[in-house]
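# Results of the structural survey
For reference, the chains in residue letters:
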Amino acid sequence: MPDAVLRYGEQELELTSHSGTEGDTGVDIGKLRSELGLVTIDRGFANTAEGLSAVTYINGEEGILRYRGYPIEQLAEKSDFLEVAYLLQYGELPTKTEYEEYEDAITRHTLLREDMKYLFEAFPHNAHPMQILASATSALATYYPDALDPLDEEAVDLSARRLIAKTPTMMAWSYKYSVHQPYVYPDNSLDYSSNFLKMMFSVPAEEYVVDPVVANALTMLLILHADHGQNCSSSAVRLVGSGHANIFSSISAGIHALSGPLHGGANQAVLEMLDMIVSEGGDTSQFVKRAKDKNDPFRLMGFGHRVYKNFDPRARIIKKAAEEVLDALGVDDPLLEVAMELEQVALNDDYFVERRLYPNVDFYSGIIYRAMGFPTDMFTVLFAMGRLPGWISQWRELSADPQAKIFRPRQLYVGPETRDYVPIDER
Ligand code: SDX
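Below is a summary of the structure that appears in this document. Being a predicted model, the structure only gives us computed values, none of them experimental.

## Digging into the overall build of the chain
Helix and strand content of the chain: 18 helices and 7 strands. Relative to the 2.2 N^0.38 estimate, which gives 22 Å for 427 residues, the radius of gyration of the chain is 23 Å and therefore close to what a compact globule would have. For the chain, the spread of C-alpha atoms along the three principal axes comes to 80 × 65 × 55 Å. Counting over 427 residues, the chain shows a buried share of 49%. Considering only contacts in the chain between residues 6 or more positions apart, those separated by 24 or more positions represent 70%. When the accessible surface of the chain is summed, it comes to about 21900 Å², and 50% of that surface belongs to carbon and sulfur atoms. The positive charge centre, built from 38 side chains, and the negative charge centre, built from 63, are 4 Å apart in the chain.

Take a look at the structure:
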């Protein structure tokens, strides 16, 4: 008995289904065009699974997120970022020895080739950090060309470790260049988050002590952003990787995809929206009204999600952390109150309730980043720094999949029918 039958006119196609460990069931339409001459239309791939993945499970209806089966709430509370990076890539939590070896490998790769400085200095001082990070990540393939073969496991391991180790240094150096300060080199005696904070905020002229509140909050935020299944940027990484492009080129594509305000760029857009609300008198209801108006392109940034039709579990954790971190740092940011009021107004408005629009990961994260001292235009590169092990894991899973094929979707052509060329003098 076939799992499903597709009937088209007089023809029928029997379809088999595949069930995941949990969550959605998939129907394989691999013979649809050859047997029925049909293709499917699914804008934004909202109902389409490109393939199978064991990395991350999301249940959007119940607001569940797990990395390799571990609930995000437990990892955010108990794990650290390098342990999560290991888990996502290798599928299991590391033993103490495995963790120490991995942490040591990452630590030893934090330096950049000295001539990479000229790359950062080629940009205008006010260049957006996402554009710089995408370019610098792609350029790593030229500065470190010795391990680019996507089918060589050892080479992939080396390049993946270089990426995770060098991205904080690249981000910090591009920031230092933008504020006309000297570059701060990595300090291998510090943990991942503390080393990044020191490269970002210390100056050679003074002693710098990392605030553990800030370092711990940054680690938690990196963990929360580490992976999220086949989101826009991870799909971009997979698509570019499906052509056997090297890991640096593939991740650079993901950074570009993440920069969009509908995706990772939303965390910067949320802060700009909250700033606008405050500067216009703090009336949140008029912004909710605009967000509902189909003739107004304005959207409530940080709200809604393709998959979550419940609270984004990451948003819950970040909202709680925002209050704790601002309190611990003695920061009184009016934007936090405005965000909480906006959330309440929206969650009690039929438009948002009917469409099951809830705060997502980007709604509160910028408030913490700002309290930590990061400039608004760095919020999305902080998202990218967190998402890096997820992108790498998705890319490695595809590269190692014997069933993987180059991504090449079909289209429905709706352009002009055949016509003859007209010489310019006769047009
Ligand atoms: C991330 O996919 C991931 O996993 C992404 C991410 C990850 O970790 O990688 O979770 C990170 O990108 C989070 C999302 C950040 N983006 C934003 O906060 C931008 C604002 N949100 C939206 O633009 C929107 O909600 C999306 C892009 C997130 C989701 O868009 P969908 O799934 O394509 O939904 P849609 O645009 O079809 O919206 C459905 C309805 C529409 O109204 P109707 O046509 O039914 O009348 O909801 C409305 C939309 O107009 N809607 C909103 C809205 N989001 C959706 N209306 C006002 N404000 C919003 N924010």
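The structure having been displayed, the exposition proceeds.
## Points about the side chain of serine 393
Within the secondary structure layout, serine 393 lies in helix α18 (residues 379-399). Separated by 3.3 Å, the side chain of serine 393 and the backbone nitrogen of glutamine 89 make a polar contact. Excluding anything up to four places from it in sequence, serine 393 contacts Val55, Leu88 and Gln89.

## Let's talk about a nonpolar patch on the surface
On the surface, Ile41, Leu412 and Val414 cluster together into a nonpolar patch covering about 360 Å² of accessible area. Position of leucine 412 relative to the elements: it lies in the segment after α18. With a relative accessible area of 52%, leucine 412 lands in the exposed category.

## Focus: the site of the ligand
If you check the shell around the ligand, you find 24 residues, and the closest are His228, His305, Arg306, Arg314 and Arg387. A distance of 2.8 Å separates an oxygen atom of the ligand from a polar backbone atom of glycine 302. Between phenylalanine 303 and the ligand, the recorded distance is 2.8 Å, taken from a backbone N or O atom to a nitrogen atom. Isolated, the ligand exposes 1100 Å² of accessible area, and the fraction of that covered by the protein chains is 78%.

## Some thoughts on the nonpolar core
Core analysis: the largest hydrophobic core is formed by 119 residues, its most contacted members being Phe196 and Leu274. With 11 residues, helix α7 (residues 153-178) is the single largest residue contributor to this core. Among residues more than four places away in sequence, those in contact with phenylalanine 196 are Pro168, Met171, Ala172, Leu218, Phe374, Met378, Leu382 and Met385. Core analysis: the next-biggest nonpolar cluster, separate from the first, contains 5 residues, Leu15, Leu32, Leu36 and Leu38 among them.

## Notes on the pattern of salt bridges
Tallying each qualifying case throughout the model produces 20 salt bridges. With its nearest N and O atoms 2.7 Å apart, the salt bridge here joins aspartate 146 to arginine 162. Residue aspartate 146 is located in the loop between α6 (129-143) and α7, and its partner arginine 162 is located in helix α7; the two are separated by 16 residues in the primary sequence. For arginine 162, a relative accessible area of 10% corresponds to the buried category. One salt bridge in this structure joins lysine 292 and aspartate 349, with 2.7 Å as the shortest N-O distance. Of this pair, lysine 292 sits in helix α13 (residues 284-292) while aspartate 349 sits in the loop between α15 (334-347) and α16 (350-354), and the two are 57 residues apart along the sequence. What you see here is one network of salt bridges that share partners, running through Glu153, Asp157, Arg161 and Arg396.

About the thresholds
- Residues numbered from 1 in each chain as written.
- Predicted model: local features only at pLDDT ≥ 70, side-chain atom pairs only at ≥ 80, totals over all residues.
- Heavy atoms only, no water.
- Helix = DSSP H or I, 4+ residues; strand = E, 2+ residues; numbered from the N terminus.
- Rg over C-alpha atoms; globule rule 2.2 N^0.38 Å.
- Buried < 20%, exposed > 50% of the residue type's maximum accessible area, 1.4 Å probe, protein only.
- Contact = heavy atoms within 4.5 Å.
- Areas by Shrake-Rupley, 256 points an atom, 1.4 Å probe, with all protein chains shown as cover.
- Lys, Arg positive; Asp, Glu negative; His and termini not counted.
- Charge placed at Lys NZ, Arg CZ, Asp CG, Glu CD.
- Polar contact = N/O pair within 3.5 Å; in protein donor to acceptor, adjacent residues only side chain to side chain.
- Patch = residues over 30% accessible without salt bridge, like charges linked within 9 Å, V, L, I, M, F, W, Y side chains within 5 Å.
- Salt bridge = Lys/Arg side-chain N within 4 Å of Asp/Glu carboxyl O.
- Near = heavy atom within 4 Å.
- Core = buried A, V, L, I, M, F, W, Y, C linked by side-chain atoms within 4.5 Å.

These figures come from the coordinates and say nothing about function on their own.
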